[in-house]
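As a plain string of letters, each chain reads:
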Amino acid sequence: MPRRIHPIVPAVLGVFLLSAMPLQAADPEIDRLLQAPVGKDWVTNGGNLTNQRYSTLKQIDPSNVKQLKGAWMTRLKGSGYGGKYSFEGTPLVKDGVMYIVTGNDDVFALNAKTGEFLWERWSGIDQKLTSVCCGWDNRGLAMGEGMLYLGQLDANVVALDIKTGKEAWKTPIEVWQDGYGITSAPLYYDGIVYSGITGGEYGIRGRLTALDAKTGKILWRFYTLPGPGDVGGNTWPANSDQYMHGGAAIWNTPALDPQLGLVYFSVGNCGPDYDGTAREGDNLFCASVVAVNAKTGEYAWHFQEVHHDIWDYDAASPALLFDTVIDGQPRKGIAQAGRTGWVYILDRTNGKPLVGIEERPVDQEPRQHTAKTQPYPIGDAIVPQCAKPLEGYERYGCIFEAFWEEPTLVQPSGIGGTNWSPMSYSPDTGNFYVPGTIRTSAFVRYGDTYKKGKQYNGGTQAAPIGSEMSGTWTAITANTNKIAWQKNIPFRVGSGGGSTTTAGGLVLHGDPGGNIQARDAKTGELLWQFQTGFGVEAPPMVYEVDGEEYIAVAAGGNQGVGSANGDAVWAFSLKGQVNPLWPPPQPAMIAGPATGPIADGVNAVKIGDNNIEFGYFPKRTRVKAGTAITFTNAGDTPHTATSFENGKIGAWDTGALNSGESKTITFDKPGNYYYICTPHPWMYGQVIVE
Ligand SMILES: [Cu+2]
């Protein structure tokens, strides 16, 4: 029987014991690729265990990148093709075969040289899930032991035979009806599959789950919300079960250091998102980077980026491991790009800041139990961190500005900064390549009661009608946390596809307007772009077949950004012959419903119709004074139509409408009435009353 490591053995000793044992890896080849620099194959979501998304291939470089054309483009038979989906998966490639998962959790194997279908596995997932907070998506796959691994929106982890796509095992790690789901790509290493979990908007108890790769048996769970007596348990109110509903989801693939024996992951927002009244304390491990023993799940260290989060400031982007030199000393680093707009750079042996992070006093709101101080990394933020004044709004401020029930403008919004999107790291330049969103939110608190499986937000945050939204691409130098270069761009990419970088000296990334783009890693200069025909909101990856280098990316839009939906995978090479497509409709750069046609005299508004889920139809309607308008939820998840006037909400409100429910509101006075959906505050509608 294998020796069981007693939980009180410190992590560092546990590692010693493990490395002293002569272990036979379950899949030596995949384990070797996972620990090596990425070359011909790309076998895990972040490229290898570091999540650096750095490829050593260099056939394509700044001198020839302009010649790139499509080698092939394959439409995935309508999988994930509908307005409720986002296409966020990174393809994996091994031995000339590409594997890709769509927002419907369907998996396809393609010939990586030609794009031809080899097999397909349709998830058959329940189309009536009510636990999907923010669009149907899946960020990718893992592989090992002759299987592919994926997490599904219905909270199952599934293993497929890599040769046929046939299901090998399926393990529910939770119950979707209770608000749980999986959007992250799992990580495979040394016989274990690691999976995150979603539900930060549903009052879940977040965790990392480790499963036996062969059988799917759950080996251990590390709860991101500690109970009484656990490390961090004293950061929740005593004699309260609030920690059981505090969110702290894991959106992304962990990173893993085999030498240190630690697995690292970023942890999402606290629940209820915008209401801190019932959760006095720092609320670990919300908005944190956490390290645990990779074999046992024992706590090793944590770093909290936002104490007592009330702004939805998740740590959502994947944690990234890198090595650097500071003051002449080689250091083992870990970095995470937060929604706050900062990159947090830490020592991965102990979680202590590597460049420097200061605790500074911040604005206070006693009713929210705001933390007295917040961590301010030394260095540069990748987006502005102060909201501009706006007519109609009395309260505005910088990051960590506290709020109560009066609308308060804060930038970055809770969307980021950097949202789920991965940054990349080039050991050649020593830079991180960080996607950023510039967007201001009007935060309001209103309180909520926990009900199992229901949205549990306690407030909302919509961007003011007419406010500008854009983005940045920034190179941040890893050993100084300073900007090496920065480019302002028209679209929000902080929740877009993130970046990938190469030894050829390129930074590759998508664009919500439909292009895949290549920049010079040293200068940020845009060297090449190619119109794919759909919003590119997934991370590119790089591989080689028969001596030829390819760049591949999924192109299928993002419902939160409003970029064009699709079901395409593109691969590019220097010998490619396929030409670009026409540009799709562009996503909004101004918040609100104020584009598109006005429906005259329409007194019935459907919510979530046509498989779009997160929208109103019509978005704008014009009626005579005294008209009663009926709002009907034709979607699957509960929605509201809630009045939104200069950030104030609820002058009129349908309340939460379940699927099929309606509510009628009579508009007596002429005027212009904007509204939002409070749990999905990127949904806007407008009623013009004459
Ligand atoms: Cu909604």
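Residues numbered from 1 in each chain as written. Predicted model: local features only at pLDDT ≥ 70, side-chain atom pairs only at ≥ 80, totals over all residues. Heavy atoms only, no water.

*Asks:* A description of the state of the cysteines should follow, citing residues and the corresponding values.
*Replies:* Applying the stated criterion across every chain yields a total of three disulfides. Across the disulfide, Cys270 is cross-linked to Cys286 (sulfur-sulfur distance 2.1 Å). Measuring handedness by torsion sign, the sulfur bridge of Cys270 and Cys286 sits at about 100° and is right-handed. Highlighted residues: Cys270 in the loop between β16 (262–266) and β17 (288–293) and Cys286 in the loop between β16 and β17, separated in sequence by 16 residues. In this structure, Cys270 and Cys286 share a single accessibility class: buried. Put simply, Cys386 and Cys398 are joined by a disulfide, and their sulfur atoms are 1.9 Å apart. For the disulfide bridge between Cys386 and Cys398, the dihedral angle about the S-S bond is near 95°, and by the sign convention the bridge is right-handed. In this pair, Cys386 is assigned in the loop between β23 (373–377) and β24 (395–397) and Cys398 in the loop between β24 and β25 (408–410), connecting sequence segments 12 residues apart. With relative accessibility at 31%, the residue Cys398 sits in the partly exposed group. (Disulfide = S-S within 2.5 Å. Helix = DSSP H or I, 4+ residues; strand = E, 2+ residues; numbered from the N terminus. Buried < 20%, exposed > 50% of the residue type's maximum accessible area, 1.4 Å probe, protein only.)

*Asks:* For the coordination of the copper ion, give the residues involved together with the corresponding values.
*Replies:* At the metal site, the copper ion is ligated by His639 (ND1), Cys677 (SG) and His680 (ND1), and these contacts range over 1.9 to 2.1 Å. Sequence spacing among the residues donating to the copper ion works out to H-x37-C-x2-H. Here His639 is found in the loop between β43 (627–633) and β44 (642–645), whereas its partner His680 is found in strand β48 (residues 680–689), with 41 residues between them in sequence. Taken individually, His639 and His680 each receive the classification buried, so the pair is uniform in this respect. (Donors = N, O, S within 2.8 Å, 3.2 Å for Na, K, Ca; no water.)

*Asks:* Summarise the packing of aromatic side chains; cite the residues concerned and give the values.
*Replies:* For the structure shown, the criterion picks out 39 aromatic pairs. Judged by centre distance (6.2 Å) and plane angle (40°), the ring pair of Tyr99 and Trp119 falls under tilted. One end of the pair, Tyr99, is in strand β4 (residues 97–101); the other, Trp119, is in strand β6 (residues 117–121), with 20 residues separating them in the sequence. Three or more aromatic residues joined by ring pairs make a cluster, and in this case those are Tyr616, Phe631, Trp652, Phe667, Tyr673 and Tyr675. The ring of Phe117 has Lys77 sitting right over it, with the charged end atom 4.3 Å from the ring centre. Stacked on the ring of Tyr223, the Lys or Arg Arg205 has its end atom at 4.0 Å from the ring centre. (Phe/Tyr/Trp six-rings, centres within 6.5 Å; stacked < 30°, edge-to-face > 60°. Lys NZ or Arg CZ within 6 Å of the ring centre and 35° of its normal.)

*Asks:* So what about the side chain of Asn633? Which residues, and what values?
*Replies:* Here Asn633 is to be found in strand β43. When its relative accessible area of 1% is taken as the criterion, Asn633 is described as buried. Setting aside its immediate chain neighbours within four residues, Asn633 contacts Ile607, Pro638, His639, Leu657, Asn658, Ser659, Gly660 and Glu661. (Contact = heavy atoms within 4.5 Å.)

*Asks:* How would you summarise unusual backbone geometry if you had to cite specific residues and measurements?
*Replies:* Each neighbour pair has its own omega, and for Gln411 with Pro412 the value is 0°, a cis peptide bond. In this structure, the amide linkage connecting Gly416 to the following residue, Gly417, adopts the cis form with an omega of 20°. Relative to the assigned elements, Gly417 resides in the loop between β25 and β26 (424–426). Phi angles above zero are rare outside glycine, and Asp190 is one such case at about 50°. Secondary-structure assignment places Asp190 in the loop between β11 (187–189) and β12 (192–195). Asp190 gets classed as buried once you look at its relative accessible area, which sits at 18%. Its identity as a non-glycine residue notwithstanding, Ala248 has a phi of 60°, on the positive side. Considering the arrangement of structural elements, one finds Ala248 in the loop between β14 (218–223) and β15 (255–257).

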